[in-house]
Amino acid sequence: MPSHLSADHPAAQPPGRGRVDALISQARRLKGEVDAVRRDAQGDGADDPHGRWQRALYDLALHQLEDLDEHLAQLRDGPRPEPAPRAPVPAARTASASAADSSLLSRVGSAEWDLLTDAATWSPELYAILGREPATPPLTLDELPSVVFEEDRPKLTAMVTGCLVDARRIDGEFRVVRPGGEVRTVHMMGEPVLDADGGTASMWAVLRDVSELRRSRQAVSETRDSLQRHRQQEQAEHRLAVELQEAVLPAWRGTLRLPHHGRESLDLSGRYLPATTSTLAGGTWYDALELPGGDTLLSVGDLTGHGPAATTGMAMLLGALRGMAMTGTRPGPLMTLLNRLLDTTAQPALGSAVCCRYRPETRTLVWAHAGHPAPLLFRGGTGRRLSPPDGVLLGATSGAAYGEAEETLETGDVLLLHTDGLMPGSATGPAAGDRLLGLAPRFAAAATAEDCVRVVVEEFGGAEREIDACVLVARVPAGREAP
């Protein structure tokens, strides 16, 4: 029903049909484009909190565009004609009418209540919104609260009273209960109609069923809250993982100083390079430890996974590795025991590692690995991979045995241990080692292990990495000749 401010003021004429048709075409074109984007997003199959929040927003936008389309169509076509009186419809019709009730045209209805005669006039759409049969008389203002949800009745009474007594516009929502018990949310907008003396003669209102729209907004709110909780949990897990990582790993930057740094001790430096495409810390480590008798233990490794679980597992492995090495366990048997430990943990995981034991008196390096890239040895401006002994991934095979290899180092040699993630992306295999071996001339010109690490960081530090990485460099200092 058209809005009017006074009984003898003619209602405004609707805009030209051509202009409204153009708006309808724009709304439908935009609706089609949004629907296409929504289908593409659903095709990605993401079921994380962020994906659910996006889908809820798409649904909300489509509901609003569908409403806009139908509102413009009603504006173009004008009010629907009142139906002729007909016999009551049997209750069996209710199920077949539910589809029609959910149509967009049934979402907006109008009504006018005459205060002088107490008569009420409803549009067919309002009957559909409230679930009432068109043959029944429309409810008066006194009867209207009977179909309103009990908790919302005071709100409706306050809106109607303000309109009739203080001539205030109505703009608010309340819930109605249909005869079958279904609850719908209705948005009501209305104004008083004044007579020639300025008194209120009647009240008109437009009522809109916004149930689907409110459900869509509720879904957006719930998925947004879920997304925020998910992000907060990720941030808390990241802080926990980083704190644990910092507690067990050497400093990320700078030269590694062993407690009893002597003339023949290795010149050591390492660097941890976090992933650039993820905020979750992983189970990557590097370590150097001075052992009883003057030997030095060098190790790097990586445990699958990210977050607190991976860093906790890494801390467990690193602690076990250090403890067994302090008892004199050689690298090969040490890998065997680490594999047995990882095989018995509650959370299955895979890990790779390389462990080297260096004896400064003889400059001998005994090492073993578990599915990890072999150490790289640089000497006299050239580099090569050390020939690896047998060794499978930790946690891959129960009862696996690990071999050992031995290498004699010379003054000025540079030994480089690294993880797979050092390379751009997640490159592994010969290509990764070849690129590192290409740095041999620059290592030959470096004066310290820290200088060598700077060369690696300059070469690879700015690259995009999907996983954490680390590099550990050991340089053999000048000293007495090896026997």
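Here the structure is shown first, and the text comes after it.
Bear in mind that the values here come from a model prediction, so they are computed numbers and not experimental data.

Parameters and conventions
Residues numbered from 1 in each chain as written. Predicted model: local features only at pLDDT ≥ 70, side-chain atom pairs only at ≥ 80, totals over all residues. Heavy atoms only, no water. Buried < 20%, exposed > 50% of the residue type's maximum accessible area, 1.4 Å probe, protein only. Helix = DSSP H or I, 4+ residues; strand = E, 2+ residues; numbered from the N terminus. Pairing = 2+ DSSP bridges. Axes fitted to C-alpha atoms, helices over the stretch in contact; angles between N-to-C directions. Polar contact = N/O pair within 3.5 Å; in protein donor to acceptor, adjacent residues only side chain to side chain. Contact = heavy atoms within 4.5 Å. Phe/Tyr/Trp six-rings, centres within 6.5 Å; stacked < 30°, edge-to-face > 60°. Salt bridge = Lys/Arg side-chain N within 4 Å of Asp/Glu carboxyl O.

A. Spatial organisation of the pairing of strand β14 (residues 405-408). Judged by which residues are buried, β14 turns out to be one-sided: Ala405 and Glu407 face inward and are buried, whereas Glu406 and Thr408, on the alternate face, are not. Inspection of the sheet shows strand β11 (residues 364-370) paired to β14 by four bridges, in the antiparallel sense. The residue of β14 that forms the bridge with Leu365 is Glu407.

B. Layout of the sheet that holds strand β4 (residues 183-194). Spatial strand order, β2-β1-β5-β4-β3: five strands in an open sheet with antiparallel pairing. Of all the strands in the sheet, the pair left with one neighbour each is β2 (120-122) and β3 (170-177). Going across the sheet, the axis of each strand differs from the next one's by a mean of 25°, ignoring polarity. Two strands pair when backbone bridges link them, and β3 and β4 are joined in this way by eight bridges, in the antiparallel orientation. Of the residues in β4, the one forming a bridge with Val176 is Arg184.

C. Quick look at the side chain of His369. As for its position among the elements, His369 is in strand β11. For His369, the side chain forms a polar contact with the main-chain nitrogen of Gly371, separated by 3.3 Å. From its side chain, His369 meets the backbone oxygen of His372 in a polar contact 3.3 Å long. Once residues within four sequence positions are removed from consideration, His369 is found in contact with Met335, Ala353, Val354, Pro388, Pro389, Asp390, Gly391 and Tyr402.

D. Up close: unusual backbone geometry. Its identity is not glycine, yet Ala167 carries a phi of approximately 60°, on the positive side. With respect to the element layout, Ala167 can be found in the loop between α5 (153-166) and β3. In this structure, Arg363 takes a positive phi of about 55° despite not being glycine. By secondary structure assignment, the location of Arg363 is in the loop between β10 (351-359) and β11.

E. Fine view of the packing of aromatic side chains. Per the stated rule, a full pass over the model turns up two aromatic pairs. Judged by centre distance (5.2 Å) and plane angle (65°), the rings of Trp122 and Tyr127 are edge-to-face. Judged by its relative accessible area of 7%, Tyr127 is buried. The interplanar angle of 90° and the centroid separation of 4.7 Å between the aromatic rings of Phe378 and Phe443 together place this pair among those described as edge-to-face. Linking Phe378 in strand β12 (residues 376-379) with Phe443 in helix α10 (residues 440-445), this pair joins segments that are 65 residues apart in sequence.

F. The arrangement of the pairing of β11 in detail. Counting buried positions along β11 yields seven of seven residues, so the element is predominantly enclosed. Residue alternation in β11 divides its side chains into two sets, Thr364, Val366, Ala368 and Ala370 and Leu365, Trp367 and His369, and both sets are buried. Bridging between β10 and β11 involves seven bridges; their strand directions are antiparallel. In the sheet register, Cys356 faces β11, and the bridge partner there is Trp367. Where β10 folds back onto β11 in an antiparallel hairpin, the turn is made up of four residues, including Arg363, whose phi is positive at roughly 55°.

G. Spotlight on the pattern of salt bridges. What the rule picks out here adds up to 28 salt bridges. Among the salt bridges present, the one from Asp434 reaches Arg385, with a minimum N-O distance of 3.0 Å. Placement of the pair is Asp434 in helix α9 (residues 430-437) and Arg385 in strand β13 (residues 382-385), with a sequence separation of 49 residues. According to the relative accessible area criterion, Arg385 is partly exposed, its value standing at 35%. Among the salt bridges present, the one from Arg454 reaches Glu450, with a minimum N-O distance of 3.9 Å. With Arg454 and Glu450 both in helix α11 (residues 449-460) and four residues apart, the pair spans about one turn of that helix. Arg454 sits in the partly exposed class, given a relative accessible area of 41%.

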